[in-house]
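Remarks on the overall topology
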Amino acid sequence: MTSENLPPQDIDIDKPNVAPNPFDPARFAIKGNPAEAVGVRRVLVQVPVRKPTKQEFVRAHPDPQYQMQATILELHVAKETYVVVPEVAGAIPGETRPVTLKAAINRQGTLFLWPVPLPTPDGRTMAWHTTHRDAAERAEEKWVRMVANMSASAYDVFEASAEIAEPDWPNHTFSKFLEIAFGNGRVIDREDHPVLQELLGRM
Amino acid sequence: MGSEMSALPNLPFREVWAVDFEFIAPPGGRPDPACMVALELRTGRLIRLGRNDLHALSQAPFDTGPQTLFVAYFASAEIGCFLALGWPSPERILDLFTEFRAETNGTQTLAGNSLLGALAQFGLPSIGGEEKQDMRDLIMGGGPWSRDEQVAILDYCESDVRALGRLLPEMEPMITTSSHRLGWALLRGRYMAAVASMEWNGVPIDTDTLHHLNLNWESLQLGLIEEIDQAYGVYEGRSFRIEKFEAFLTKANIAWPRLDTGRLALGDDVFRAQAKAHPIIVPLRELRHALSELRLNNLAVGTDGRNRTLLSPFKSKTARNQPSNSKFIFGPSVWLRGLIKPEMGHSVAYLDWSSQEIAIAAALSGDDAMWKGYATGDPYIAFAIQAGMAPEGATARTHKDTRNRCKAIVLGVQYGMSAKSMALNAGLHEAEARDLLLRHRETYRTFWAWADQNVNAGLMGGTLYTRFGWPIRLGFGANANSRSLLNWPMQSNGAEMMRLACCEGTETGLKICAPIHDALLLEAPRDRIDDHILQLTGILQHASELVLGDGRTCGIDVDVVHYPDRYSDERGEVMWDRVMSLLPEVNDVLAI
């Protein structure tokens, strides 16, 4: 039987000493939602680092505290992204790239860090990069989708014309996003980091 | 003191009477009491009364006031006997059936939900099922019974009462965990009295037409095939030919869902969904449905021309009534409802709560945007506006298509339907259904957080409760289904709203013929129907307020039918007219 079938917490737990009147049911109505006592909440367990796919509308967090400039290393085969500290980045020239990591979210509520390319140090302009940055900037205000246009060597940026509700951002700091995205050794902060050693052909 | 006597320390009543009747109940008829046994469980006082003794009394031979607890198993049967005897109903009813259902809802029981099943669950002794059946057969034979048989029937009745006496001490600790818990039990007992009252009233049926339908049913079915199948060519005699249906679909250019085996899916749910997307399918679906009604005379109609069957309260997990589909006039064949006809000088009214499930979802989740949408009177167009798919001021008339699409989504999400199912049901492209579903989540975030919380709590083995304490807890043998958990609060609180209204309505003296999902069928003399509708409308609103809380109420819709008109459900009107048009022809042929 259901001995552990406990009553909701907001009702009295005294044994009845007076018979309740079933003709006055308001006296024993449950207030609130007993299911809340079970205590289930959605936990943010994964923050992928990626650019938006060509099929999703996304928003970027408009708060500057939810973005950060960083140098990243992308292992395309393993589909892994690492943050590389500046002191170490020089060891693998050409493998890293400077980006702005922006907190972003799609309509399904999936949070990700969007690496938006920074201008190259030599000042060279690339349409891929400028249109990419343009998309990320617009995404702070509107739902946007970006699609590679190979003939123009640039991204086409589409803004949703329909009214779509504002995103529901997870209630965490940007540091927490970074911790989830780059925990488990995804920060390359020393030259003997296994990923660096592998790239340098030392293992 | 016998083994059935107990102190029952947690039941705050002066007397606790376990009561059982044996009675005769022909299909569609009212109960005719054969005997009654009552046992006061603290003192052991025993009362055994045969049929003649019962009819000699004008009230129960024990106190039925608020200081006395009346204990029964499936109390609507006992209260039906009270009604037959003209006795006032007990004021405090504890039904161990409803409480056994409450304690085990969501869990597989050892041996069902009958008294024998409950006794088995607690490891208590009982008489054998075979012996029980023999005695039931003897009683249903209707008598007259010999002296020995009368004693045997009383002994059998007493054995059930003593079984109640053994069961109650086992269940008492569960039922009295708190004053609230006992209150919920007594409220359910109160509803069982309302059930007895509604079963007593029954639904008025046009028995002449039913008789004609029954006499000619086979010929009518052939006539329907001949007439409707002209447009499809899928029948051979009475047989539906799949290969011919395939050919029809190819010709009509209709894509049809298939089973994993590759065969066409021919379930009624598929036909229903396809009929929405392809109106040409509607008559064929109705025909298939009518042909599945092989025995119209299963409809339980008493000699007084009223449809009566067990309403089977608390049978489903949501505690909704679950009467037999074939015995109850409000079964799935909606065209048959045309048989409902008020008696001369009378009227019937069908009252229901507008979009009850949406109101419950909005109020209990605390989603103000959803409630605001409901309060406009058209939650579908309200969703379209709130989700940015229609401009402010849009109406069902100006944005009919948008509203229909939104309606499919708003209703579908209550059932946890996937975008694919919604698309199939509403004739939408799956991508559009996906987008609408997403917009629903974005527009009503508070509702979704609440709904997800309920599903998670249920899946974790927590107990979900309605406003007045109907629980569900997935336990042994449960089929954990997140979709039904998502829908459970709306359905079960809706059932609770209905129960509260039935209680108040029947106790006020209104003649409620039957509860139908989220509606009640009311009957009254023609010159009083308007007053009674007004009265019942107030009761329905009050019941909705009790469940929704915070002074929120549901809107009420009313349909009235005056004699000599008959009730009709718009979904079955075409079929009804078709059957009626064939009926005289068939009669003519028979006459020749």
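Residues numbered from 1 in each chain as written. Chains lettered and ligands numbered in written order. Predicted model: local features only at pLDDT ≥ 70, side-chain atom pairs only at ≥ 80, totals over all residues.

On to the overall build of chain A, then. Within chain A one finds 4 helices and 8 strands. The secondary structure elements of chain A, listed N-terminal to C-terminal, are β-β-β-α-β-β-α-β-β-α-β-α. Relative to the globule expectation of 17 Å for 203 residues, the C-alpha radius of gyration of chain A, 25 Å, shows a markedly less compact shape. With respect to the three principal axes, the spread of C-alpha positions in chain A is 85 × 50 × 30 Å. Looking at the 203 residues of chain A, the share that counts as buried comes to 27%. For chain A, contacts bridging at least 24 residues in sequence account for 60% of all contacts bridging at least 6. (Helix = DSSP H or I, 4+ residues; strand = E, 2+ residues; numbered from the N terminus. Rg over C-alpha atoms; globule rule 2.2 N^0.38 Å. Buried ≥ 20, exposed ≤ 12 C-beta atoms within 10 Å, placed from the backbone. Contact = placed C-beta atoms within 7 Å.)

This part covers the interface of chain B and chain A. Each side of the interface is counted separately: chain B has 42 residues, and chain A has 34 residues. Broken down by secondary-structure element, the contributors of at least two residues to the side of chain B that touches chain A are helix H7 (179–201), helix H17 (430–443), helix H18 (445–459) and strand S11 (464–465) of chain B. With 10 residues, H7 of chain B is the single largest residue contributor to the side of chain B that touches chain A.

Residue and element names in this part refer to chain B. For strand S10 (residues 346–353), the buried fraction is high: 7 of the 8 residues fall into the buried class. Of the strand pairs in this sheet, S10 and strand S14 (residues 519–525) are connected by 7 bridges, and their pairing is antiparallel. For leucine 351, the partnering residue across the bridge sits in S14 and is leucine 520. Pairing analysis gives 7 bridges linking S10 to strand S15 (residues 556–562), with the strands arranged antiparallel. By the bridge assignment, tyrosine 350 is partnered in S15 with aspartate 559. (Pairing = 2+ DSSP bridges.)

On to the packing of H7 of chain B against helix H19 (residues 482–507) of chain B. Residue and element names in this part refer to chain B. Where H7 meets H19, the axes come as close as 9 Å, and the angle between the chain directions of the two elements is 65 degrees. For the pair H7 and H19, the crossing hand works out as left-handed. In this structure, H7 contributes Arg190, Tyr191, Ala194, Ser197 and Met198 to the contact, and H19 contributes Arg499, Cys502, Cys503 and Thr506. (Axes fitted to C-alpha atoms, helices over the stretch in contact; angles between N-to-C directions. Left-handed = near helix turned anticlockwise from the far one by under 90°.)

Among all positions in helix H11 (residues 282–292) of chain B, only Leu284, Glu286, Leu287 and Ala290 of chain B are buried. Take H11 of chain B and look down its axis: the buried residues cluster within an arc of 160 degrees, on one side only. (Arc of directions from axis to C-beta.)

Residues and elements named next belong to chain B. Read across the open sheet, the 5 strands follow the order S3-S2-S1-S4-S5; overall the sheet is mixed. Taken across any chain shown, the strands that pair with only one partner, and hence form the sheet edges, are strand S3 (46–50) and strand S5 (93–95). Sheet twist, expressed as the average angle between the axes of neighbouring strands with direction ignored, equals 25 degrees. Taken together, the 5 bridges between strand S2 (residues 32–40) and S3 define a ladder with antiparallel strand orientation. By the bridge assignment, valine 37 is partnered in S3 with arginine 48.

Let us look at the sheet that holds S15 of chain B. Pairing between the strands of a sheet comes from backbone hydrogen bonds, and it takes one of two forms, parallel or antiparallel. Residue and element names in this part refer to chain B. In space, the 4 strands of this open sheet follow the order S13-S14-S10-S15, with antiparallel pairing throughout. Each end of this open sheet is capped by a strand with a single partner; those strands are strand S13 (511–516) and S15. Ignoring strand direction, the axes of neighbouring strands in this sheet form an average angle of 20 degrees. Relative to S14, S13 is paired through 5 bridges, and the arrangement is antiparallel.

Attention shifts here to the pairing of strand S6 (residues 144–149) of chain A. Residues and elements named next belong to chain A. Bridge count between S6 and strand S7 (residues 154–159): 6 bridges; the pairing is antiparallel. Bridged to alanine 148 within S7 is tyrosine 155. What sits between the antiparallel neighbours S6 and S7 is a turn of 4 residues, in which serine 153 has the positive phi angle 50 degrees.

It is worth spelling out the environment of alanine 35 of chain A at this point. Inspection of the secondary structure puts alanine 35 of chain A in the segment before strand S1 (58–60). By C-beta crowding, alanine 35 of chain A is classed as buried, having 25 other C-beta atoms within 10 Å. Non-local contacts of alanine 35 of chain A, meaning those with residues more than four positions away in its chain, are made with Gln453, Asn454, Ala457, Gly462 and Leu464 of chain B.

Let us now look at the nonpolar core. Counting residues in hydrophobic clusters, the biggest one holds 172 residues, and the most contacted among them are Val71, Leu96 and Leu522 of chain B. The greatest single-element share of this core, amounting to 13 residues, is contributed by H7 of chain B. Apart from residues no more than four positions distant in its own chain, valine 71 of chain B is found in contact with Val16, Trp17, Ala18, Val19, Leu94, Leu96, Leu164 and Leu168 of chain B. With 32 residues, the next largest nonpolar core counts Val47, Ile72, Leu101 and Phe112 of chain A among its residues. (Core = buried A, V, L, I, M, F, W, Y, C linked by C-beta atoms within 7 Å.)

Let us now look at the environment of glycine 458 of chain B. All names here are of chain B. Considering the arrangement of structural elements, one finds glycine 458 in helix H18. Taking the number of C-beta atoms within 10 Å as the measure of exposure, glycine 458 has 27 and is therefore buried. Sequence-distant contacts of glycine 458, that is, excluding residues within four places in its chain, are made with Leu464, Leu474 and Leu485.

Let us look at the domain arrangement of chain B. Domain boundaries in chain B define domain 1 (15–201), domain 2 (207–297), domain 3 (301–355 + 492–575) and domain 4 (357–465). Look at where the C-alpha atoms of domain 1 of chain B and domain 2 of chain B centre, and you get two points 45 Å apart. (Domains from an automatic or database assignment.)

Residue and element names in this part refer to chain B. Their axes nearest at 10 Å, the elements helix H15 (residues 400–414) and helix H16 (residues 419–426) cross at an angle of 135 degrees. Put simply, H15 runs oblique to H16. The handedness of the crossing between H15 and H16 comes out as right-handed. For the pair formed by H15 and H16, the contact residues are Arg405, Ala408, Ile409 and Gly412 on the first element and Ser421, Met422, Asn425 and Ala426 on the second. (Parallel < 35°, antiparallel > 145°, perpendicular 65-115°, else oblique.)

In this section: helix H6 (residues 147–175) of chain B. Compared with an ideal rise of 1.5 Å per residue, which puts 29 residues at 42 Å, H6 of chain B spans 40 Å between its outermost C-alpha atoms and is within 8% of the ideal. A bend of about 40 degrees at proline 169 of chain B is the largest found in H6 of chain B. (Expected span 1.5 Å × (residues − 1). Bend = angle between axes of the 7 residues up to and from the residue.)

All right, on to unusual backbone geometry then. All names here are of chain B. Residue proline 144 is bonded to the preceding glycine 143 through a cis peptide linkage, with omega at 0 degrees. Tracing the backbone through its elements, the reader meets proline 144 in the loop between helix H5 (129–140) and H6. With omega at 10 degrees, the peptide bond leading from tyrosine 563 into proline 564 counts as cis. Here proline 564 is to be found in the loop between S15 and helix H21 (573–591). We note that leucine 8 has phi near 45 degrees; this positive angle belongs to a residue other than glycine. Tracing the backbone through its elements, the reader meets leucine 8 in the segment before strand S1 (15–24). Among the residues examined, leucine 8 registers 18 C-beta atoms within 10 Å and is labelled partly exposed. The phi angle at aspartate 550 is positive, at roughly 55 degrees, despite the residue not being glycine. Locating aspartate 550 in the fold gives a position in the loop between helix H20 (529–548) and S15.

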